[in-house]
Amino acid sequence: MPEEPAVKLTLDAEALYRELVRGVQQLGAAESRLVGVTSGGAWLAERLQKDLGLPGAAGAISSAMHRDDFATRGLAGAGRQTQLPFEVDDAHIILLDDVLYTGRTIRAVLNELFDYGRPASVKLAVLVDRGGRELPVQADYAAARVALPATQSLALARGEDGRFSFQVEGQT
Ligand SMILES: O=c1cc[nH]c(=O)[nH]1
């Protein structure tokens with residue numbers, strides 16, 4: 001039997017970022033606070049804050065304290081901690097993440113966010129929705145939707161020049 005050709009995934013992160021800029025504007029960025037999930041989402045929020053000319057700094061939020069595997073994993077590889085340089089109570093929040101997959105990270109960061117206050121609303125915008133949800137979480141905006149096998153991992157990388165690319169690892 002002939003071998004199946006390997007599926008080559010080409011995702012242009014910079015092109016998707018430009019789509020995301022439009023999507024986030026449509027979600028009401030001008031009236032909202034941007035909060036990025038560490039680390040890829042925090043890079044997106046930082047850059048969007050600048051590119052959209054929004055005043056102040058974007059927030060960063062970590063899932064580490066509320067992960068459902070905290071008991072086994074602890075703070076290992078937790079990376080940047082939560083920093084929300086504004087009042088969360090009554091704020092309209094747009095959460096940013098690079099890749100939406102099982103929904104577990106979003107569940108965890110929502111718990112983290114509510115430790116800081118009671119926002120008026122929370123929306124979710126992502127660069128890539130890769131399917132595979134294990135919880136009832138959906139993005140309000142996704143610049144791309146792709147189906148990836150569970151053996152593959154996808155994450156955003158940021159170069160020294162600030163440009164984005166995707167890191168795809170694992171078998172196709
Ligand atoms: O809570 C979480 C978040 C991400 N991934 C997990 O397995 N659990």
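Residues numbered from 1 in each chain as written. Predicted model: local features only at pLDDT ≥ 70, side-chain atom pairs only at ≥ 80, totals over all residues. Heavy atoms only, no water.

## Section: the packing of helix α1 (residues 13-26) against helix α2 (residues 40-51)
α2 packs onto α1 with a crossing angle of 60° between their chain directions and a minimal axis gap of 11 Å. Crossing of α1 over α2 shows right-handed handedness. Residues Glu14, Tyr17, Leu20, Val21 and Val24 of α1 lie in contact with α2, whose contacting residues are Leu44, Arg47, Leu48 and Asp51. Class assignment for the residues of the contact of α1 with α2 results in 6 nonpolar, no polar and 3 charged. (Axes fitted to C-alpha atoms, helices over the stretch in contact; angles between N-to-C directions. Helix = DSSP H or I, 4+ residues; strand = E, 2+ residues; numbered from the N terminus. Left-handed = near helix turned anticlockwise from the far one by under 90°. Contact = heavy atoms within 4.5 Å. Nonpolar A, V, L, I, M, F, W, Y, C, P; charged D, E, K, R; others polar.)

## Some words on the pattern of salt bridges
The tally for this structure, following the rule as stated, stands at 9 salt bridges. With its nearest N and O atoms 2.8 Å apart, the salt bridge here joins arginine 67 to aspartate 69. Overall, arginine 67 belongs to the partly exposed group, its relative accessible area being 26%. Aspartate 69 sits in the partly exposed class, given a relative accessible area of 24%. A salt bridge links arginine 145 to aspartate 129; the shortest N-O distance between them is 2.9 Å. With arginine 145 in strand β5 (residues 141-145) and aspartate 129 in strand β4 (residues 121-129), this pair connects stretches of sequence that are 16 residues apart. The class for aspartate 129 is buried, based on a relative accessible area of 6%. Beyond isolated ion pairs, a larger network of salt bridges with shared partners links Glu14, Arg47 and Asp51. (Salt bridge = Lys/Arg side-chain N within 4 Å of Asp/Glu carboxyl O. Buried < 20%, exposed > 50% of the residue type's maximum accessible area, 1.4 Å probe, protein only.)

## A look at the site of the ligand
The local shell around the ligand consists of Arg67, Asp68, Asp69, Arg104, Thr105 and Arg107. Between the ligand and the protein, one listed contact pairs a nitrogen atom with a side-chain N or O atom of arginine 67 at 3.1 Å. At 2.7 Å from a nitrogen atom of the ligand is found a side-chain nitrogen or oxygen belonging to aspartate 68. When the ligand is considered free in solution it has 230 Å² of accessible area, and contact with the protein chains removes 84% of it. Within the shell around the ligand, the residues separate by chemical class into no nonpolar, 1 polar and 5 charged. (Near = heavy atom within 4 Å. Polar contact = N/O pair within 3.5 Å; in protein donor to acceptor, adjacent residues only side chain to side chain. Areas by Shrake-Rupley, 256 points an atom, 1.4 Å probe, with all protein chains shown as cover.)

Structural measurements only, silent on function.
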